[in-house]
Amino acid sequence: MTAAPAITLPQWAQVLDTEGCRPRGRLTPQAALGPRTWFRVGGPAELLFQPASAEDLALALRHLPLEVPVMPLGACSNVIVRDGGIDGLVIRLARGFSAIARDGDGLVAGAACLDMTVAEHAAEAGLSGLEFLAGIPGSIGGAVAMNAGAYGSDMAAVLDWVEVVTRDGRLLRLPAASLDFGYRHATLPPQSVVVRARLNGMPAPAAIIRQRIDEIRAAREAAQPVRARTGGSTFRNPAPDESQRKAWELIDAAGCRGLRVGGAQISEKHCNFMLNTGDATASDLEGLGDTVIRRVHDHTAVTLRWEIRRIGRPATHSMGESA
């Protein structure tokens, strides 16, 4: 594959300054990503951009050469950033994308809003149907992009529309019907960035909504290693025609509960969760996952598919090379 073009903060800033359109957001070269991920592993971003607003993001992307790769990251709850880091421009949304407002029988939420926070706002507004978000780690932008779901619902069931900034710097509003939702999948324009979404709700007593949220939080606490360095469900559940058993059941049956590779371990509490026990690398985690896939296939003939995204380059590559 052709190596991605080198991009440096001074070069891009010079172009933007010359054209009088330098973005207001923060640009950071060689920004550490590991501390920002739930696994606490991974190499740096070649250039990290934290835009101030959707308009600021659109301005920046309009002036970024199209051959430069763009990687949006949300709360980093379901990603493994490989040890070599990520080439090109990494976009991380922050405070300018965290507003939540009631809109009729729904909420309009910025992409940086945590799913749990949106669930709590829905309860305060007396809107039911969004309680399932209390059981999903991560942010609304990522939830839309992967059609996140739990506890009987998913984003496809509640999304009205989503606003994205495209790779060429256009701000678009897309109806939910255009996203071709599937299991843990939504079709968005390539390299686009989700910036805002409207979620439908139904009026209901706040006390009943809050009771359901409390039940979901308690169930998640009891069943999952929520206080560990983890990344949510590691593998997708197989389709019904592949297996009637869930991913964790297949992993358990293959004898992988507690399995270790370096500092990475399959959780004893819920074996569809991987843990960083303290000194894991991204390579340890990915190697552990690949080992589980191999063992499950050998034992059951079912091939598990990653739900966690694995992005960036292994540590053996130098900056600018493709993964």
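Residues numbered from 1 in each chain as written. Predicted model: local features only at pLDDT ≥ 70, side-chain atom pairs only at ≥ 80, totals over all residues. Heavy atoms only, no water.

Colleague: Before we move on, could you go through the overall build of the chain and cite the residues and values that matter?
Modeller: Helix and strand counts for the chain come out as eight helices and 18 strands. For a compact globule of 323 residues, the expected C-alpha radius of gyration is about 20 Å, and the chain comes in at 20 Å, within 12% of that figure. Judged by the C-alpha coordinates and their principal axes, the chain covers about 60 × 55 × 35 Å. Here the chain holds 323 residues, and the buried ones make up 51% of them. Across the chain, contacts joining residues at least 24 apart in sequence account for 65% of those joining residues at least 6 apart. (Helix = DSSP H or I, 4+ residues; strand = E, 2+ residues; numbered from the N terminus. Rg over C-alpha atoms; globule rule 2.2 N^0.38 Å. Buried < 20%, exposed > 50% of the residue type's maximum accessible area, 1.4 Å probe, protein only. Contact = heavy atoms within 4.5 Å.)

Colleague: Talk me through the UniProt feature "domain: FAD-binding PCMH-type" (unreviewed entry) in the chain; I want residue IDs and the actual numbers.
Modeller: Per the UniProt record, "domain: FAD-binding PCMH-type" (unreviewed entry) is found at residues 40-204. Helix makes up 18% of residues 40-204 and strand 35%, with an end-to-end C-alpha separation of 39 Å. (UniProt positions renumbered as here; feature names shortened; annotations may be inferred.)

Colleague: I'd like a rundown of the packing of aromatic side chains, residues and numbers included.
Modeller: Within the structure shown, the criterion is met by one aromatic pair. Arranged with centres 5.2 Å apart and planes meeting at 50°, the rings of F235 and W306 form a pair that is tilted. One end of the pair, F235, is in the loop between helix 6 (206-223) and helix 7 (247-253); the other, W306, is in the loop between helix 8 (282-300) and strand 18 (309-311), with 71 residues separating them in the sequence. Residue F235 is classed as buried on the basis of its relative accessible area of 1%. For W306, a relative accessible area of 11% puts it in the buried group. Positioned above the aromatic ring of W161 is the side chain of R173, whose terminal nitrogen or guanidinium carbon lies 3.7 Å from the ring centre. (Phe/Tyr/Trp six-rings, centres within 6.5 Å; stacked < 30°, edge-to-face > 60°. Lys NZ or Arg CZ within 6 Å of the ring centre and 35° of its normal.)

Colleague: Residue-level account of the side chain of S267, with values.
Modeller: Mapped onto the elements of the fold, S267 is located in the loop between strand 16 (264-266) and strand 17 (274-276). Of the polar contacts made by the side chain of S267, one reaches the backbone nitrogen of K269; its length is 3.0 Å. In contact with S267, not counting residues within four places along its chain, are P225, R257, G258, F273 and L275. (Polar contact = N/O pair within 3.5 Å; in protein donor to acceptor, adjacent residues only side chain to side chain.)

Colleague: Report on the UniProt feature "active site" (unreviewed entry) in the chain, specifying residues and quantitative values.
Modeller: Per the UniProt record, "active site" (unreviewed entry) is annotated on R184, S233 and E307. On the basis of their most widely separated C-alpha atoms, the annotated residues across 124 residues gather in one place, lying no more than 11.3 Å apart. With respect to the helices and strands, R184 occurs in the loop between strand 12 (171-175) and strand 13 (193-200). Apart from residues no more than four positions distant in its own chain, R184 is found in contact with M146, N147, A148, G149, R236 and E307. A polar side-chain atom of R184 sits 3.3 Å from the main-chain carbonyl oxygen of N147. Inspection of the secondary structure puts S233 in the loop between helix 6 and helix 7. Sequence-distant contacts of S233, that is, excluding residues within four places in its chain, are made with N272, F273, E307 and I308.

Colleague: Quick one: what's the story with the confidence of the model for the chain, residue by residue and with numbers?
Modeller: For the chain, the mean per-residue pLDDT works out to 91, and 91% of the residues sit at or above 70. Contacts from residues 317-323, a stretch scored under 50 in pLDDT, to residues over four places away or in other chains number 23 contacts. (pLDDT = per-residue confidence, 0-100.)

Colleague: I'd like to hear about the pairing of strand 13, residue by residue, with values.
Modeller: Within strand 13, six of the eight residues are buried, which leaves the element mostly enclosed by the surrounding structure. Examined bridge by bridge, strand 11 (residues 159-165) and strand 13 share six bridges and lie antiparallel to one another. Pairing of V165 across the sheet is with V193, part of strand 13. (Pairing = 2+ DSSP bridges.)

Colleague: Lay out the side chain of Q224 in plain terms, naming residues and giving numbers.
Modeller: Residue placement: Q224 occurs in the loop between helix 6 and helix 7. Accessibility expressed as a relative area gives 15% for Q224, which makes it buried.

Colleague: Describe in detail the nonpolar core, supporting the description with residues and values.
Modeller: One finds V118, L133, I140, V144, V162 and L199 to be the most contacted residues of the largest nonpolar core, which totals 55 residues. A domain-level breakdown of this core finds at least three residues from each of domain 1 (11-92) and domain 2 (97-223). By size, the runner-up hydrophobic cluster in this structure holds 25 residues, among which are F235, L259, A264 and V296. (Core = buried A, V, L, I, M, F, W, Y, C linked by side-chain atoms within 4.5 Å. Domains from an automatic or database assignment.)

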